[in-house]
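Take a look at the letters that make up each chain.
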Amino acid sequence: RFTGRNWETVRITLLDANGNVASESTLKKDVYLRTAYGEAEFDPKVLSTLDFDNGVAEVKMLPRGRRTVVIQIEPFHVMSGPMEYSEK
């Protein structure tokens, strides 16, 4: 959930084929953040192995409006769950 036009912290976790947290050393390409639904800015927009610590990276997301946001991770074609606007 997000609560308005404020920067939100989002955690990106690398997972292996079995759903376990993977080491950033397994990441062979940079990861690009986009929206599959809704509008948002990301800081940073591109993640490399240096942005991950034990398979987890923290990114700032600035939602644009109250529309639900779904993050798309490229080049892996993975999408986040929906993040909905909430008054609280």
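Residues numbered from 1 in each chain as written. Predicted model: local features only at pLDDT ≥ 70, side-chain atom pairs only at ≥ 80, totals over all residues. Heavy atoms only, no water.

### Thoughts on the sheet that holds strand S4 (residues 46–47)
So, point 1. Reading across from one edge, S4-S2-S6-S7 is the order of the four strands in this open sheet, with antiparallel pairing throughout. Pairing within the sheet leaves two strands with one partner each, and these edge strands are S4 and strand S7 (78–79).
So, point 2. Summarising the sheet, strand S6 (residues 70–74) and S7 pair through two bridges and their orientation is antiparallel. By the bridge assignment for S7, Ile73 is matched with Val78. (Pairing = 2+ DSSP bridges. Helix = DSSP H or I, 4+ residues; strand = E, 2+ residues; numbered from the N terminus.)

### Thoughts on the pattern of salt bridges
So, point 1. Per the stated rule, a full pass over the model turns up three salt bridges.
So, point 2. Across the pair Arg1 and Glu84 runs a salt bridge, and its minimum N-O distance is 3.2 Å. On the criterion of sequence distance, the pair formed by Arg1 in the segment before strand S1 (8–13) and Glu84 in the segment after S7 is long-range, its members being 83 residues apart.
So, point 3. Overall, Arg1 belongs to the exposed group, its relative accessible area being 65%.
So, point 4. Residue Glu84 is classed as partly exposed on the basis of its relative accessible area of 38%.
So, point 5. A salt bridge links Glu58 to Arg11; its shortest N-O distance comes to 3.1 Å. Taken together, the positions of Glu58 in strand S5 (residues 56–63) and Arg11 in strand S1 put the pair 47 residues apart, joining distant regions of the chain.
So, point 6. Assessed through its relative accessible area of 49%, Glu58 is described here as partly exposed. (Salt bridge = Lys/Arg side-chain N within 4 Å of Asp/Glu carboxyl O. Buried < 20%, exposed > 50% of the residue type's maximum accessible area, 1.4 Å probe, protein only.)

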